[in-house]
Amino acid sequence: MTAEPWVSVDQIAQHLGVTRDSIYRWIDRKGLPAHRVGRLWKFQVSEVDDWVRVGGAEEDSSSSVRDGK
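Residues numbered from 1 in each chain as written. Predicted model: local features only at pLDDT ≥ 70, side-chain atom pairs only at ≥ 80, totals over all residues. Heavy atoms only, no water.

### Side note on the nonpolar core
In plain terms, the rule: The criterion is simple. A nonpolar core is a set of buried Ala, Val, Leu, Ile, Met, Phe, Trp, Tyr and Cys residues joined through side-chain atoms within 4.5 Å. Under the scheme applied here, a residue whose accessible area is under 20% of the maximum for its type counts as buried, over 50% as exposed, and between as partly exposed, the area being computed with a 1.4 Å probe on protein chains only. A run of DSSP states H or I qualifies as a helix once it reaches four residues; a run of E qualifies as a strand once it reaches two. Both are numbered from the N-terminal end.
Ranked by size, the top nonpolar core spans 12 residues in total: Val7, Val9, Ile12, Ala13, Ile23, Trp26, Ile27, Leu32, Ala34, Phe43, Val48 and Trp51. When residues of this core are traced back to their parent elements, those giving at least two are α1 (9-16), α2 (20-30) and α3 (45-53).

### Brief notes about the environment of valine 18
What counts here: Contacts between residues were defined by any pair of non-hydrogen atoms, one from each residue, lying within 4.5 Å.
Note that valine 18 resides in the loop between α1 and α2. Residue class for valine 18 comes out partly exposed when judged on its relative accessible area of 27%. Once residues within four sequence positions are removed from consideration, valine 18 is found in contact with Ala13, Ile23 and Trp26.

### Brief notes about the pattern of salt bridges
This is how it is decided: Every case where a carboxyl oxygen of Asp or Glu lies within 4 Å of a side-chain nitrogen of Lys or Arg is listed as a salt bridge.
Scanning the entire structure with this criterion turns up 2 salt bridges. As a salt-bridge pair, aspartate 10 and arginine 20 come within 2.6 Å of each other at their nearest N and O atoms. One end of the pair, aspartate 10, is in helix α1; the other, arginine 20, is in helix α2, and 10 residues separate them in sequence. One salt bridge connects aspartate 50 with arginine 53, and the closest N-O pair in it is separated by 3.2 Å. In this pair, aspartate 50 and arginine 53 both sit in helix α3, 3 residues apart, roughly one turn of the helix. Overall, the relative accessible area of 45% leaves aspartate 50 in the partly exposed class.

Below is the structure:
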């Protein structure tokens, strides 16, 4: 079996269709599964996909109220 490759911030942002800023914010505030390798963040797509499926990227109700949504 081949090991899953590690991907960069740019690659995971493109995979999810969001900006790099969103990725960094989700690492900090929402527990996006990321691994620090030196100064770089690396991701496994399967871990990130699982995180999305369980609702990790959902909007907080407090931010929705604050934004008037």
